[in-house]
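Fold and contact review
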Amino acid sequence: MAVWDDVVGQDRVTAQLAAAARDADALVSAEQAGQEPPPGERPEPPSADRSGASQMTHAWLFTGPPGSGRSTAARAFAAALQCVSPDRALGGAPGCGFCDGCHTALIGTHADVEIVRTDLLSIGVKETRDLVRRSSLSPSGGRWQVIVLEDADRLTEGAGNVLLKAVEEPAPRTVWLLCAPSVEDVLPTIRSRCRLLSLRTPPVDAVADVLVRRDGIEPEAAGRAARATQGHIGRARRLATDERARARRTAVLKLPLRVDDIGGCLKAAQELIDAAGEDAKQVAEEVDTKETEELRAALGAAAGTNGRLPRGTAGAMKELQDKQKRRSTRTQRDSLDLALVDLTGFYRDVLALQMGASVPLANDEVRDNVQRIATASTPERTLRRIEAVIACREALDRNVAPLLAVEAMTVALRAG
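Residues numbered from 1 in each chain as written. Predicted model: local features only at pLDDT ≥ 70, side-chain atom pairs only at ≥ 80, totals over all residues. Heavy atoms only, no water.

Digging into the sheet that holds strand E4 (residues 174-180)
Hydrogen bonds between backbone groups are what pair the strands of a sheet, and the pairing can be parallel or antiparallel. Quick reminder of the rule: Paired strands, in this sense, are two strands between which DSSP finds at least two bridges. Strands are runs of DSSP state E lasting at least two residues, helices are runs of H or I lasting at least four, and both sets are numbered from the N terminus onward. For helices, the fitted axis covers only the stretch in contact; all axes are lines through C-alpha atoms, and the angles between them, taken along N-to-C directions, range from 0 to 180 degrees. Whether two residues are in contact is decided by their heavy atoms, any of which lying within 4.5 Å being enough.
Reading across the sheet, the five strands line up as E2-E3-E4-E1-E5 and stay open at both edges, with parallel pairing between neighbours. Lying at the two open borders of the sheet, with one neighbouring strand each, are strand E2 (113-116) and strand E5 (195-198). Neighbour to neighbour, the strand axes of the sheet diverge by 15° on average, direction disregarded. Where strand E1 (residues 59-63) lies against E4, five bridges are found, and the strand directions are parallel. Its bridge partner lying in E4, tryptophan 60 is registered against leucine 177. Against the sheet, helix H1 (residues 11-32) contacts E1 and E5, and its axis sits at roughly 145° relative to E5. Across the sheet, helix H4 (residues 125-135) touches E2, strand E3 (145-149) and E4, and the angle it forms with E3 is around 155°.

Here you go:
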């Protein structure tokens, strides 16, 4: 299985990355043989995309809507850059998916591939400086030093300025792979130094196929999950494999039928907030306790001392607690945002029925409820309801208190 097999519905992007991986392989092979690289095969800046120039460059920016597979494409490219398959000497393309370089890069254990993601609200200056120091090193055993920054949109302004210098003047064998929802989410000075790859939302059929092929999901369940999430690969996998996710989505899709009066609006809003809080609590139970115990052990809270920490270590524990609190906040926001996306999809189906559009419903399993709302309202009211959900998401991005934002939305849904 080639490394590109999991990059779903992105043929143009994979073709460009495969060409860049071939040029990168030729460059490293020539250097290792003590030769000058062939003409046109030395990495060029992103602006130099003229005919005959290398398709390889030192910085890439992967953009696309949520679920398009930005990080999957970046990881696949990182694996292709580290490919050591003997077939390359016979004309085979790098990125076989089986060799040690490909395998360790894909599972995240390759010594020269640093995969950075955050479960916090932002990436700060300190973490970015550590990455910049890492990027200045030569590969320890692989062919390239690769930094995959999956949440480049979460860089603070100060962190972005720290990263700029490293992207502008990288080490000779270092490659930066940045991922963000859109180019506007990255500082102009950084994106101007990267080669842009724009991914699209993959087709529903392609997402269902990868769920069947890679995750062993039954075809009917895979198709239902892919259709419900409208091509979002990660959410489709979770919906197909997690019973709790399905139950919560079912509860969200009942909300439009429960906002007939103010009391129902407020109760539905509170239940959405409580469900998001439960998600954050589950993450805390799974991760926080383990992190805390590991840090206490590292700081010397040995058995027989009643768990008492040595002097001077309280600051480290406080820093961990602050990190866990920020992670809980992001988990709650992400969970709430997923619910709002599902709600938008419900009203999209309502609008499709009202307009007589010949498109498949994302929520076909609740067609009766969709039909009921469609019959009882007008397209104009449905559009206002979709705008209310979008306004709620924007309010949450501006750090409005979640309960207030959701209550305002449910009241607006009732008014229509």
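Let's talk about the packing of helix H12 (residues 314-355) against helix H13 (residues 367-376)
Rule in force here: Take the far helix as the reference: if the near one is turned anticlockwise from it by less than a right angle, the crossing is left-handed, and if turned clockwise, right-handed. Amino acids outside the nonpolar list (Ala, Val, Leu, Ile, Met, Phe, Trp, Tyr, Cys, Pro) and the charged list (Asp, Glu, Lys, Arg) are all regarded as polar, and Gly is one of them.
Between H12 and H13, the shortest axis-to-axis distance is 9 Å and the interhelical angle comes to 65°. Between H12 and H13 the crossing geometry is right-handed. Contacts between H12 and H13 involve Phe346, Tyr347, Asp349, Val350, Leu353 and Gln354 on the former and, on the latter, Arg367, Asn369, Val370, Gln371, Ile373 and Ala374. Per-class residue counts for the contact of H12 with H13 are seven nonpolar, three polar and two charged.

So, the packing of helix H14 (residues 379-397) against helix H15 (residues 402-415)
What counts is decided by this rule: By definition in this entry, angles of less than 35 degrees are roughly parallel, angles greater than 145 are roughly antiparallel, angles of 65 to 115 are roughly perpendicular, and the rest are oblique.
As a packed pair, H14 and H15 sit with axes 9 Å apart at the nearest point and diverge in direction by 175°. Classified by the angle their axes make, H14 and H15 are roughly antiparallel. On H15, the residues touching Arg381, Arg385, Ala388, Val389, Cys392, Ala395 and Leu396 of H14 are Pro402, Ala405, Val406, Met409, Ala412, Leu413, Arg414 and Ala415. Looking at the contact of H14 with H15 residue by residue, the classes come out as 12 nonpolar, no polar and three charged.

Some remarks on a nonpolar patch on the surface
Under the convention used in this document: The patches described consist of residues with a relative accessible area above 30% and no salt bridge, like charges being joined within 9 Å and nonpolar side chains (Val, Leu, Ile, Met, Phe, Trp, Tyr) within 5 Å. Areas reported here follow the Shrake-Rupley algorithm with a probe of radius 1.4 Å; residue values treat only the protein chains shown as occluding. Every case where a carboxyl oxygen of Asp or Glu lies within 4 Å of a side-chain nitrogen of Lys or Arg is listed as a salt bridge.
Where nonpolar side chains cluster on the molecular surface, the patch consists of Ile262, Leu266 and Val411 and spans about 210 Å² of accessible area. Counting through the fold element by element, leucine 266 comes out in helix H11 (residues 262-299).

Quick look at the packing of aromatic side chains
Aromatic rings in a pair are described by how distant their centres are and how their planes are angled relative to each other. Note the cut-off: Two rings from Phe, Tyr or Trp (for Trp, the six-membered ring) form a pair when their centres are within 6.5 Å of each other. A pair whose planes differ by under 30 degrees is stacked, one over 60 is edge-to-face, and the rest are tilted. Per-residue accessibility, obtained with a 1.4 Å probe over protein chains only, is compared with the maximum for each type, and a residue is labelled buried under 20%, exposed over 50%, and partly exposed between these values.
All told, the structure shown has two aromatic pairs when counted by the stated rule. Judged by centre distance (5.1 Å) and plane angle (70°), the rings of tryptophan 60 and phenylalanine 77 are edge-to-face. With tryptophan 60 in strand E1 and phenylalanine 77 in helix H2 (residues 70-81), the pair connects residues that are 17 residues apart, well separated along the chain. Each member of the pair, tryptophan 60 as well as phenylalanine 77, is classed as buried. Seen from their ring centres, phenylalanine 346 and tyrosine 347 are 5.6 Å apart, and the 90° between their planes marks the pair as edge-to-face. Across the pair, exposure class does not vary: phenylalanine 346 and tyrosine 347 are buried alike.

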